[in-house]
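Coordinate analysis (summary)
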Amino acid sequence: MREDDAFFHEARRRGLRSRAALKLEAINARDRLFRNARVVVDLGAAPGGWSQVARSALPSDARVVALDILEMEPLPGVEFIRGDFRQADVLERLEASVTRRAVDLVMSDMAPNLSGMKVNDQARWRELADSAAGFALGTLEHDGAFLVKLFQGEETESYLRVLRERFASVVVRKPAASRKQSSEIYALARGPRNAGGAVDNRASLPYSTLGATNAATE
Ligand SMILES: C[S@@+](CC[C@H](N)C(=O)[O-])C[C@H]1O[C@@H](n2cnc3c(N)ncnc32)[C@H](O)[C@@H]1O
């Protein structure tokens, strides 16, 4: 049995909705993402594997707010918003459901439909990852954490640089359940530096603006 299949079968045997759930479990085992968390936002949540992991790791009175452009089968204890995260009205609905500066963890497993054309694909994941970072910077509390999926390529270093400028610490993870041949990696950033900043998921948020010392958001 291939290693990949083993993860797939493990996820299915345990009633997890995705093999991606095992990636989050592995990151959590190492980085204790859910410790003391009360509000968790799951971007790109469908079919719901990450939300399942979050829900089972959190106390029953903690909240999990999940969002996806696709429909997701309801999960007990998970609030779901359906919509494209890049759209202003969708962001407004999400913002309305959480209190500013009171989100403990924003996690984004959002992935664009990859075309196979490197330049386009890099621009697409970058757009989603920038949007997620803007949202995290605007909503996380001061010691909150932001976990985001990236695809290795020409945009990776510049995106990590932006995260390092805007968060107190940044580490990169490649959990075993992530296929070795996949360019996917995860960045975990803690401690947003722009406490009090604006929520901004504009896909067009220029990297230089996002990276500039607080100019855009304070
Ligand atoms: C890899 S899957 C997420 C798997 C999920 N973490 C799980 O464990 O079940 C990526 C998800 O990102 C979503 N997505 C991609 N672009 C999006 C966008 N602009 N807004 C919201 N969701 C998006 C896709 O619909 C897809 O469900």
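Criteria and cut-off values
Residues numbered from 1 in each chain as written. Predicted model: local features only at pLDDT ≥ 70, side-chain atom pairs only at ≥ 80, totals over all residues. Axes fitted to C-alpha atoms, helices over the stretch in contact; angles between N-to-C directions. Helix = DSSP H or I, 4+ residues; strand = E, 2+ residues; numbered from the N terminus. Parallel < 35°, antiparallel > 145°, perpendicular 65-115°, else oblique. Left-handed = near helix turned anticlockwise from the far one by under 90°. Contact = placed C-beta atoms within 7 Å. Nonpolar A, V, L, I, M, F, W, Y, C, P; charged D, E, K, R; others polar. Pairing = 2+ DSSP bridges. Near = placed C-beta within 6 Å.

**Some details on the packing of helix 2 (residues 20–31) against helix 3 (residues 49–57)**
- Where helix 2 meets helix 3, the axes come as close as 7 Å, and the angle between the chain directions of the two elements is 40°. Overall, the two elements helix 2 and helix 3 adopt an arrangement that is oblique. Crossing handedness for the pair helix 2 and helix 3: right-handed. Touching Ala20, Ala21, Leu24, Glu25 and Asn28 of helix 2 are Gly49, Trp50, Gln52, Val53 and Ala57, all from helix 3.
- Along the lines of polarity and charge, the residues of the contact of helix 2 with helix 3 split into six nonpolar, three polar and one charged.

**Some thoughts on the sheet that holds strand 7 (residues 184–192)**
- One open sheet accounts for seven strands, arranged 3-2-1-4-5-7-6; its pairing is mixed. Strands with a single pairing partner mark the edges of an open sheet, and in this sheet they are strand 3 (78–82) and strand 6 (167–173). Neighbour-to-neighbour, the strand axes of this sheet turn through a mean angle of 15°, independent of strand direction.
- By the bridge criterion, five bridges tie strand 1 (residues 39–43) to strand 2 (residues 63–68) in an arrangement that is parallel. Looking at strand 2, one finds that Val40 is bridged to Val64.
- The strands that helix 6 (residues 156–166) touches are strand 5 (140–151), strand 6 and strand 7; relative to strand 6, the one it contacts most, it runs at about 145°.

**So, the site of the ligand**
- What surrounds the ligand is a group of 23 residues, the closest being Ser18, Ala20, Gly44, Gly49 and Asp109.
- When contributions to the shell around the ligand are tallied by element, the ones reaching two or more residues are helix 2, helix 3 and strand 2.
- Broken down by class, the residue content of the shell around the ligand amounts to 14 nonpolar, four polar and five charged.

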